[in-house]
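Spelled out from the first residue to the last, the chains are:
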Amino acid sequence: MAGHAAALYERIRSNPEQTQALFRQALQDPSGAMASICQFGEDQGLPVTPDEVRQHLASLDDEASPRWVVKARGGL
């Protein structure tokens with residue numbers, strides 16, 4: 001299941017509209033955004049847990065992702 005977080009991240013990242021919707025949700029409701037990410041993973045056949053998502057985001061070595069997480073504060 002560890003590989004699912006990376007694959008799910010790429011699916012979300014490849015859809016700018018979905019990325020923006022999740023970003024806006026994360027700013028207002030971080031735990032709701034995490035639930036949406038996990039539900040999207042389930043819908044896509046890529047189930048993930050919140051901890052797997054957090055671990056994957058923490059492992060990314062690009063500039064945009066860490067800023068996204070910092071802005072979302074705490075929930076992600």
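Preceding block: the structure.
None of these values were measured; they are calculated from a predicted model.

Enquirer: Is there a simple way to think about the packing of helix 2 (residues 16–28) against helix 3 (residues 30–43) in this case?
Expert: The description of two helices packed together rests on the angle between their axes and the distance between the axes. In contact at an axis separation of 6 Å, helix 2 and helix 3 are set at 145° when each is read in the N-to-C sense. Side by side, helix 2 and helix 3 meet where Gln18, Leu22, Gln25, Ala26 and Gln28 of the first sit next to Pro30, Gly32, Ala33, Ser36, Ile37 and Phe40 of the second. Residue classes in the contact of helix 2 with helix 3 are distributed as six nonpolar, five polar and no charged.

Enquirer: Can you walk me through helix 4 (residues 50–59) in this structure?
Expert: A turn of α-helix holds 3.6 residues, and therefore any two residues three or four places apart point the same way. Buried residues of helix 4: Glu52, Val53, His56 and Leu57, and no others. Down the axis of helix 4, the buried side of the element spans an arc of 130°, and every buried residue falls inside it. Away from the buried face of helix 4 by more than 90 degrees, exposed residues Gln55, Ala58 and Ser59 are located.

Enquirer: What should I look at first to understand the pattern of salt bridges in this one?
Expert: If the charged atoms of two oppositely charged side chains come close together, the side chains can form a pair. Per the counting criterion, the structure on display carries two salt bridges. Asp51 is paired through a salt bridge with Arg54; the nearest N and O atoms lie 3.2 Å apart. Of the two residues, Asp51 and Arg54 both sit in helix 4, three residues apart, roughly one turn of that helix.

Enquirer: What am I meant to see in the nonpolar core here?
Expert: Counting residues in each nonpolar core, the largest one holds 14 residues, and the members touching the most others are Leu8, Ile12, Ile37, Val48, Val53 and Leu57. For this core, the secondary-structure elements that each account for two or more residues are helix 1 (2–13), helix 3 and helix 4. Apart from the residues lying within four places of it in its own chain, the contact partners of Val53 are Met34, Ile37 and Val48.

Enquirer: Explanation requested: the packing of helix 3 against helix 4 in the structure shown.
Expert: Their axes nearest at 10 Å, the elements helix 3 and helix 4 cross at an angle of 100°. When the axis of helix 3 is compared with that of helix 4, the two are roughly perpendicular. Counted together, Met34, Ile37 and Cys38 of helix 3 and Pro50, Val53 and Arg54 of helix 4 form the full contact between these two elements. Of the residues contributing to the contact of helix 3 with helix 4, the split by class is five nonpolar, no polar and one charged.

Enquirer: Help me understand helix 2, please; the structure alone is not making it clear to me.
Expert: Taking 1.5 Å of rise per residue, 13 residues should cover 18 Å, and helix 2 covers 19 Å from first to last C-alpha, within 8% of that figure. Those residues of helix 2 lying buried are Gln18, Leu22, Phe23 and Ala26. Along helix 2, the residues classed as buried sweep out an arc of 135° about the axis, all on the same side. Away from its buried face, by an angle of more than 90 degrees, helix 2 presents the exposed residues Pro16, Glu17 and Gln28.

The rules behind the values
- Residues numbered from 1 in each chain as written.
- Predicted model: local features only at pLDDT ≥ 70, side-chain atom pairs only at ≥ 80, totals over all residues.
- Heavy atoms only, no water.
- Axes fitted to C-alpha atoms, helices over the stretch in contact; angles between N-to-C directions.
- Helix = DSSP H or I, 4+ residues; strand = E, 2+ residues; numbered from the N terminus.
- Contact = heavy atoms within 4.5 Å.
- Nonpolar A, V, L, I, M, F, W, Y, C, P; charged D, E, K, R; others polar.
- Buried < 20%, exposed > 50% of the residue type's maximum accessible area, 1.4 Å probe, protein only.
- Arc of directions from axis to C-beta.
- Salt bridge = Lys/Arg side-chain N within 4 Å of Asp/Glu carboxyl O.
- Core = buried A, V, L, I, M, F, W, Y, C linked by side-chain atoms within 4.5 Å.
- Parallel < 35°, antiparallel > 145°, perpendicular 65-115°, else oblique.
- Expected span 1.5 Å × (residues − 1).

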